[in-house]
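Topology and contacts: notes
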There are 2 protein chains.
Amino acid sequence: MKKLINNPTYVVEEMLDGFLKAHSNYIRVLPENDRALVTSRTTREGKVGVLIGGGSGHEPGFLGYVGDGMADGVAVGNIFASPPPAPILEVTKAIDKGAGVVYLYGNYAGDVMNFGMAAELAEMEGIKVEMVLGSDDVASAPKEEKHRRRGIAGELFVFKTAGAAADLGYSLEEVARIARKTNDHTRSMGVGLTPCSLPQTGKPSFEIGDDEMEIGLGHHGEPGIRKAKLQQADVVTDELVAAILEDIPLNEGEEVAVLVNGLGSTPRMELYIMFRRAEQILREKGIKIYRSYVGDYITSLEMGGCSITITKLDNELKTLLDHPADCPMFVQK
Amino acid sequence: MKKLINNPTYVVEEMLDGFLKAHSNYIRVLPENDRALVTSRTTREGKVGVLIGGGSGHEPGFLGYVGDGMADGVAVGNIFASPPPAPILEVTKAIDKGAGVVYLYGNYAGDVMNFGMAAELAEMEGIKVEMVLGSDDVASAPKEEKHRRRGIAGELFVFKTAGAAADLGYSLEEVARIARKTNDHTRSMGVGLTPCSLPQTGKPSFEIGDDEMEIGLGHHGEPGIRKAKLQQADVVTDELVAAILEDIPLNEGEEVAVLVNGLGSTPRMELYIMFRRAEQILREKGIKIYRSYVGDYITSLEMGGCSITITKLDNELKTLLDHPADCPMFVQK
């Protein structure tokens, strides 16, 4: 697959170099570790630090979400690989302002191990840490085992509400409660059409026929529920939304946030066509969409396809979702 | 090519339906014409109306740029096709608040004809219209014939500064002057790696070998300057930036805005790698980047590749570029 890169070994370094140059008003790298980035603005004393992170290749996730009202720092891994404990620890130390730090990351074995180790090291240095794992992908484990599920695009809403709570001065326990509640209220399911390829191998991340789609595909090309013949957008949307609503029943009159997230190479036009159908289904059920997000928020390099996320809202989450944010790749007034 | 669509004949209608549902707080459709969209907020009496438009398939261009500080309305064409005069005229009538309307669009034969006809019709109804054509693509005609050049991603900066000027209460002549000055100060050049395909034909928009790139490619697959073997990102960036700087010489100490614009399926990672090199070249020449934009701003469905845009700034343009904006797909604090 064609790529506009130089040496495949240094794609993350070169991306970070460009990113830091482009957005120096937002973000800076710590001298201690070149994969440890923190906000350029001053984190207030007594504010809970919000730390996000994960593998590269998901841009705008995760580095694009460091800024006012979202995260205070990010630990950056190699492509589709967890960051090691060292940058997580350095970010933790830099953004702790006496109120502790919350780690928000997806439920993947490598991340669980590395963020867990970093938390232990931070606590040995006297920094209180709470960890909240994103686990919104309904396709990745049965309902009874939500804790085993992968985190995919729904993490955006966890970053948004927890970031807002921290910005509003909530305590560490309260910020963690908001993050857990948001994750508990969030369900996603994806569909894959075309694979991406890692710069170092050039090999497709999964195999799929020219007329096929993969329902329930993960963000790194993890297998979904089934392969099927590619259907019309409405049929695909029906299946994704039905799986979500079966998992988190919503009653008439309830309010939700909806995210249609492109995986990298899917035109906005198609994402809006998917959103259109999701809105129809929800409207027919008397469920009100309070906020909509349509675009590339957490991608998988140039993968083709998208995911749909629905988050059940209450007044607390609505207020936090409405809170302004100002990040390199996410600005909300 | 795989697409998440329903009937290919109705992709634009269905996209608009989804877009209007997702962003009803920003934008609404006029009852007179379903391709005529205007801001949901009230355009102030005495404010110059800013009208943008062009073919679909370039999302976020153009409908994503209707909102505070940018455009007041947009006329939406079919995929890669100019909107006809009727929706342009309806938008004009809706957003004219007594101070006239400026049309901002790319220099393409169909657009020139249709926007020109709409302007004549509007003037027959007593509405003053100024037209400013984007013509930033250095690959599309020689330097001496800038008026013949295509408009590509550099139009973003024209929308931004002219939209800010209108928001600040500038007169029609002044808004048009700002738009022309921005276009005069703006140069872009693109590179194409992979084609897109129109939903109705499914055929690739241009032919290219598996190891080739097309230097100077247009936003609808128009041929560029030459096909060549795909090179490393730095080599490609060197060629694009050199062509731009030869066209608009910049002296040490001058300031610019830089846009690295993805065409649809190029990962953010690669765009930042391209930006990194562009920044190096400019820094070595003592040219200061005042503002950076890296992402998908004006796309070509799922086309692979990107363009680089450089706009020479002065204090007037810097102030207008810094002015806040709040649109469905472009928010700047």
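All figures in this text were calculated on a predicted structure; none of them were measured in a lab.

Examining the relation of the copies chain A and chain B
Rotating chain A by 180° about the axis while translating it 0.0 Å along that axis superimposes it on chain B, leaving an RMSD of 0.0 Å. Put plainly, the chains are arranged around a two-fold axis. For chain A, the minimum C-alpha distance to the rotation axis belongs to S265 of chain A and amounts to 2.0 Å. Of the interface residues in chain A, 100% have counterparts in chain B that sit at the interface too, so the contact is made through matching surfaces.

A few points about the sheet that holds strand β8 (residues 212–215) of chain A
Two modes of strand pairing occur in sheets, parallel and antiparallel, and in both the strands are linked by backbone hydrogen bonds. All names here are of chain A. In spatial order, the strands read β9-β8-β7-β12-β10-β11; together these 6 strands make up an open sheet with mixed pairing. Each of the sheet's edge strands pairs with one partner strand only, and the pair in question is β9 (226–229) and β11 (288–295). This sheet shows a mean twist of 20° between the axes of neighbouring strands, independent of strand direction. Across 2 bridges, the pairing between strand β7 (residues 186–194) and β8 is antiparallel. Following the sheet pairing, G192 is matched in β8 by E214. Along the sheet, helix α6 (residues 233–247) makes contact with β7, β8, β9 and β12 (304–313), crossing β7 at roughly 155°. Across the sheet, helix α8 (residues 315–322) touches β10 (255–262), β11 and β12, and the angle it forms with β11 is around 35°.

Focus: the interface of chain A and chain B
One widely used convention gives an interface's size as the accessible area the parts lose upon coming together. With 61 residues of chain A at the interface, the matching set in chain B holds 61 residues. The junction of chain A with chain B conceals about 4,900 Å² of combined surface from both sides, 65% of it contributed by carbon and sulfur atoms. Per-residue buried area on chain A facing chain B is highest for K2, L4 and M269 of chain A; these three make up 20% of the total on that side. At the surface where chain A touches chain B, the tally comes to 6 salt bridges. Two residues, R276 of chain A and D17 of chain B, come together in a salt bridge whose shortest N-O distance is 3.0 Å. In this assembly, chain A and chain B are joined by 18 residue pairs in polar contact (both at pLDDT 80 or more). Among the elements of the structure, α1 (11–22), β7, α6, α7 (268–284), β11, β12, β13 (325–327) and β14 (330–332) of chain A are those that each provide at least two residues to the side of chain A that touches chain B. Ranked by residues supplied to the side of chain A that touches chain B, first place goes to α7 of chain A with 11 residues.

Concerning unusual backbone geometry
In this chain, G61 of chain A is followed by F62 of chain A through a cis amide linkage whose omega measures 0°. For F62 of chain A, the position within the fold is in the loop between β3 (49–56) and β4 (73–79). For the peptide bond that leads from E59 of chain B to P60 of chain B, omega is 5°, which places it in the cis range. A positive phi angle is found at L301 of chain A, which is not glycine, with a value near 50°. Mapped onto the fold, L301 of chain A is located in the loop between β11 and β12.

Some details on the pairing of strand β11 (residues 288–295) of chain B
Residues and elements named next belong to chain B. The pairing of strand β10 (residues 255–262) with β11 spans 7 bridges and is classified as parallel. Each residue of the ladder has a partner; that of E255, found in β11, is K288. Taken together, β10, helix α7 (residues 268–284) and β11 constitute a β-α-β crossover, and its handedness is right-handed.

Concerning the packing of α7 of chain A against helix α1 (residues 11–22) of chain B
Across the interface, α7 of chain A lies against α1 of chain B with an axial gap of 7 Å and an inter-helix angle of 60°. Considering their axes alone, α7 of chain A and α1 of chain B lie oblique with respect to each other. Crossing handedness for the pair α7 of chain A and α1 of chain B: left-handed. Here α7 of chain A contributes M269, Y272, I273, F275, R276, E279, Q280 and R283 of chain A to the contact with α1 of chain B, which in turn contributes V11, V12, E14, M15, D17, G18, F19, K21 and A22 of chain B. A class-by-class count of the residues in the contact of α7 of chain A with α1 of chain B yields 9 nonpolar, 2 polar and 6 charged.

Conventions we followed
- Residues numbered from 1 in each chain as written.
- Chains lettered and ligands numbered in written order.
- Predicted model: local features only at pLDDT ≥ 70, side-chain atom pairs only at ≥ 80, totals over all residues.
- Heavy atoms only, no water.
- Least-squares fit on C-alpha atoms with pLDDT ≥ 70 in both.
- Contact = heavy atoms within 4.5 Å.
- Pairing = 2+ DSSP bridges.
- Helix = DSSP H or I, 4+ residues; strand = E, 2+ residues; numbered from the N terminus.
- Axes fitted to C-alpha atoms, helices over the stretch in contact; angles between N-to-C directions.
- Buried area = accessible area lost by both parts, 1.4 Å probe.
- Salt bridge = Lys/Arg side-chain N within 4 Å of Asp/Glu carboxyl O.
- Polar contact = N/O pair within 3.5 Å; in protein donor to acceptor, adjacent residues only side chain to side chain.
- Right-handed = clockwise from strand over helix to strand, strands pointing away.
- Parallel < 35°, antiparallel > 145°, perpendicular 65-115°, else oblique.
- Left-handed = near helix turned anticlockwise from the far one by under 90°.
- Nonpolar A, V, L, I, M, F, W, Y, C, P; charged D, E, K, R; others polar.

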